[in-house]
Amino acid sequence: SGIVAAALVIIFGIVLWQLYQNKAVIPVKEASAEKPSIAILPFENLSNDPEQKYFSDGLTDELIGDLAKISGILVISRNSAFTYRGKQVNIAQIAKDLNVKYVLEGSVQKSGDKVRIRAQLIDGATDHHLWSESYDGVLNDIFDLQDKITGKIVSALAVKLSPSEQERVVDKGTNNVLAYEAFLKGKEQFAKHTPEDFLKAIEYYKQAVKFDPNFSRAYAAIGYAYQIGSNMDWEIKMGSNAITMRLLARNNLELAMKNPSPEAYSLASAMELYRRNFRESITFAEKAHNNAPNSADRLTGLGWILAFTERTEE
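Here's what I pulled together on the structure shown here. Given the structure is predicted, the values throughout are model-derived calculations rather than measurements.

The next point concerns the overall build of the chain. When helices and strands are tallied, the chain shows 13 helices and six strands. At a minimum sequence separation of 6, the contacts of the chain that also span at least 24 residues come to 66%. Summing over all exposed atoms, the chain offers an accessible surface of approximately 14,700 Å²; the carbon and sulfur share of this is 49%.

And the structure:
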């Protein structure tokens, strides 16, 4: 789930640099190559309105997040996959660069309430198309369309999901399409990573929780924006001060933890780390990882904490 890739790197990087400037980071071991590996390239926005890019990017990010919840698949992070946006690079080269066997590419066309999604799964070594599908529906069908694409990928990669993984994959954090759409708009602004865009993102996330007061991921996203803003010394640019922003981060974390999501656990971990409560930070990071075992965000967060608490082998 993607709002947190840059967020975790920044939060953990800043905090750990402040706390342990003289300690070295020990590289982690490479992941097992036995699992099927996949990169999901940014879906192309075919809508007439370029502002609909938030939707195509959001769908890409959400698919990455869905696959990250499955222990039997290795999925490349959003940050790595999005470096190929707009570049004319063949699939075989991308697969080689990212060291993956499969690549998914596609497009999204959104006009009013109508949505058309095209996706194709490609074997990176042979450049052979394993399947190519077109999905048509309305915006209210977006959760079902997203699950169909994930299901096709899982089937093609011959991965068996446990009952808990099946539940996690279909759980988008909300069943309210308006809340989901506002959340995706917030993610687009958040990814631009400026104090001004953080404020825009917060407004979209606030819209999301108005539509669904139980949307844990949106509360966590608000908390991240305030937490990172305070760490980046963006208080004045965001019209606040460090103490107020951290209180807002803590308040939104409490709301997020009423219905915990991986994002909520990650935010809790980051905030406990900032307070040097390492044991609690690891506990929350492990919970986030258990809910999304192949998320680059969760692995990064957990790895940072373990490295600086004398558990470098782990």
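On to the nonpolar core. Core analysis: the largest hydrophobic core is formed by 69 residues, its most contacted members being Ile38, Phe43, Leu67, Leu104 and Ile117. Here this core gets nine residues from one element, more than from any other, and that element is helix α9 (residues 216-231). Sequence-distant contacts of Leu67, defined by excluding residues within four places in its chain, comprise Ile38, Ile40, Ile73, Val75, Thr150, Ile153 and Val154.

Let us now look at the side chain of Lys110. Summarising the element assignment, Lys110 is placed in strand β4 (residues 102-111). Its relative accessible area of 9% is what places Lys110 among the buried residues. A distance of 3.3 Å separates a polar atom in the side chain of Lys110 from a polar atom in the side chain of Gln52. Beyond its immediate sequence surroundings of up to four residues, Lys110 is in contact with Ser47, Gln52, Tyr54, Phe55, Val115, Leu139 and Glu181.

Attention now goes to helix α5 (residues 142-156). For an α-helix the count is 3.6 residues per turn, leaving residues at separations of three or four pointing the same way. Over its 15 residues, α5 runs 21 Å from end to end, which matches the ideal 21 Å to within 8%, given 1.5 Å per residue. Buried within α5 we find Ile142, Phe143, Leu145, Gln146, Ile149, Thr150, Ile153 and Val154. Phi turns positive, to about 55°, at Ala158, one or two residues after α5.

A few words now on the pattern of salt bridges. Two side chains that carry opposite charge are able to pair once their charged atoms sit near each other. Enumeration according to the criterion identifies 22 salt bridges in this entry. The salt bridge partner of Lys172 is Asp66, with a shortest N-O separation of 3.9 Å. With Lys172 in the loop between α6 (163-170) and α7 (177-192) and Asp66 in helix α2 (residues 53-68), the pair connects residues that are 106 residues apart, well separated along the chain. Of the two residues, Lys172 and Asp66, both sit in the buried class. Ionic pairing is found between Asp144 and Lys148, a salt bridge with its closest N-O pair at 3.6 Å. In this pair, Asp144 and Lys148 both sit in helix α5, four residues apart, roughly one turn of the helix. Look at Lys148 and you get partly exposed, because its relative accessible area is 41%. When salt bridges with common partners are traced through the structure, they connect Asp61, Glu62, Arg78, Lys187, Arg217, Glu263 and Arg298 into a single cluster.

Criteria and thresholds
Residues numbered from 1 in each chain as written. Predicted model: local features only at pLDDT ≥ 70, side-chain atom pairs only at ≥ 80, totals over all residues. Heavy atoms only, no water. Helix = DSSP H or I, 4+ residues; strand = E, 2+ residues; numbered from the N terminus. Contact = heavy atoms within 4.5 Å. Areas by Shrake-Rupley, 256 points an atom, 1.4 Å probe, with all protein chains shown as cover. Core = buried A, V, L, I, M, F, W, Y, C linked by side-chain atoms within 4.5 Å. Buried < 20%, exposed > 50% of the residue type's maximum accessible area, 1.4 Å probe, protein only. Polar contact = N/O pair within 3.5 Å; in protein donor to acceptor, adjacent residues only side chain to side chain. Expected span 1.5 Å × (residues − 1). Salt bridge = Lys/Arg side-chain N within 4 Å of Asp/Glu carboxyl O.

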